[in-house]
Amino acid sequence: MDPGRFFASSRVLIVAGKGGVGKTVSAAAIASAASKTGRSVLLVEVAGRSASAPIFGVEPQGYEQVIAVHEAEEGDPPRGRIALRSITPDQALLEWIAAHGFKGLVTRMASSGVLEVIATATPGVKDLLVLGRIKAFESEGAFDLIVVDAPAAGHAIGFLRSPTGVRDAARTGTIHRQAVEILDLISDPARCQVVLVTIPEETPVNELIETSFAVEDEVGVRLGPVVVNSVLPAVSGLDIDLASLDVSDMERAALQTAATFRAGRTALQDEQLARLGADLPLDQLHLPQLFGTTIGTAELEVLTDALLAGIEALPEADS
Ligand SMILES: Nc1ncnc2c1ncn2[C@@H]1O[C@H](COP(=O)(O)OP(=O)(O)OP(=O)(O)O)[C@@H](O)[C@H]1O
Ligand SMILES: [Mg+2]
């Protein structure tokens, strides 16, 4: 599929998955890949700590931050701008109150911790506030694409389920209307899709499959392709005849151990990838496992290009 078309298919991509599987890294790669197709991107972090800034090689700042994007190489389309934005429920509440014209007492109540009281009384309200802010970004239309680095999976279900809960708890009024509007957004595939991230290991794959069905059936959200992160690149030559090498016996034994280990890990990984493909009818995008200590701009480029290649290899959508 043409990556330009892929990134034009939905205005909001919510990147979700179990803790530590690479949601932040995948969201950054998605934002960067979309930017390479010329789209302007708002990358939203929900956690409240800016984990993406270092991936783009910038210092984290509190609020909204425009990330310097690399110049397009000759012959490539111009890159779209990427802005990074961290949101917290408290800040979202204050902005919501301001946008709805409440003044004075309500505003002072909100800044004095009343959110904790409301949130305890109405579960899901914090997540709803965050989703409400994302919906506001979407309707402002300042960016072609909004990529959301969502909270970890057990939590992601709660996060996406929050509008249903709040809609049913608050039967009428502004909050009810807010929940209904957010449900309209997240259940419309032309406006919002969820991209689930996993790594090619047994437990994360199982959880991803469970989460997928929960997200689609209970929340009614459209799932985009699954990102499988940290896929070991194929290595050739593991089956070389070590007896033919001019090395010491000790070295030969060490090489044999390494080759067997790597071949074993690759086999386990391939088994999980095959199982994921068989149990979950969704396309897969693979990101390679990179070696090194951190993911910075150079690593991001590698992941971005891998993602774009994966998208190009996807079948054309039916619609
Ligand atoms: N493809 C990769 N190759 C090498 N290292 C990676 C890769 N993807 C992620 N990492 C590293 O793994 C760690 C976890 O990644 P990341 O922060 O993206 O996960 P996460 O799902 O966002 O975690 P959390 O649930 O804590 O937010 C980070 O240290 C990151 O640099
Ligand atoms: Mg993260």
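Refer to the structure presented above.
All values reported here derive from a predicted model rather than from experimental measurement.

Before going further, it helps to spend a moment on the packing of helix 2 (residues 23-36) against helix 10 (residues 297-312). Closest axis-to-axis distance for the helix 2/helix 10 pair is 8 Å, and the angle between their directions is 70 degrees. Accordingly, the angle class assigned to the pair helix 2 and helix 10 is roughly perpendicular. Crossing geometry of helix 2 relative to helix 10 is assigned as right-handed. For the pair helix 2 and helix 10, contact is made by Val 25, Ala 28, Ala 29, Ile 30, Ser 32, Ala 33 and Lys 36 and by Leu 300, Leu 303, Thr 304, Leu 307 and Leu 308, respectively. Its residues placed into classes, the contact of helix 2 with helix 10 shows nine nonpolar, two polar and one charged.

Ranked by size, the top nonpolar core spans 72 residues in total, and within it Val 15, Ile 30, Leu 43, Val 147 and Val 148 carry the most contacts. Once residues lying within four places of it in the same chain are set aside, the contact partners of Val 15 are Lys 23, Ser 26, Ala 27, Ile 30, Val 147, Val 148, Asp 149, Ala 150, Val 195 and Val 197.

Right, let's get into the pairing of strand 2 (residues 41-45). Strand 2 sits mainly inside the fold: five of its five residues count as buried. The alternating pattern of strand 2 places Val 41, Leu 43 and Glu 45 and Leu 42 and Val 44 on opposite faces, both of which are buried. Here strand 2 runs beside strand 4 (residues 82-86); their pairing, made up of five bridges, is parallel. Looking at the pairing, Leu 42 lines up with Ala 83 of strand 4. When strand 2 meets strand 5 (residues 145-152), the two strands line up parallel, connected through five bridges. Bridging from a neighbouring strand, Glu 45 pairs with Asp 149 of strand 5.

A word on the site of ligand 1. Around ligand 1 sit 17 residues, and of these Gly 19, Gly 22, Lys 23, Thr 24 and Val 25 come closest. If you list the elements that add at least two residues to the shell around ligand 1, you get helix 2 and strand 8 (226-231). Sort the elements by how many residues they give to the shell around ligand 1 and helix 2 lands first, with three residues. Residue composition of the shell around ligand 1, by class: seven nonpolar, nine polar and one charged.

The rules we used
- Residues numbered from 1 in each chain as written.
- Chains lettered and ligands numbered in written order.
- Predicted model: local features only at pLDDT ≥ 70, side-chain atom pairs only at ≥ 80, totals over all residues.
- Axes fitted to C-alpha atoms, helices over the stretch in contact; angles between N-to-C directions.
- Helix = DSSP H or I, 4+ residues; strand = E, 2+ residues; numbered from the N terminus.
- Parallel < 35°, antiparallel > 145°, perpendicular 65-115°, else oblique.
- Left-handed = near helix turned anticlockwise from the far one by under 90°.
- Contact = placed C-beta atoms within 7 Å.
- Nonpolar A, V, L, I, M, F, W, Y, C, P; charged D, E, K, R; others polar.
- Core = buried A, V, L, I, M, F, W, Y, C linked by C-beta atoms within 7 Å.
- Buried ≥ 20, exposed ≤ 12 C-beta atoms within 10 Å, placed from the backbone.
- Pairing = 2+ DSSP bridges.
- Near = placed C-beta within 6 Å.

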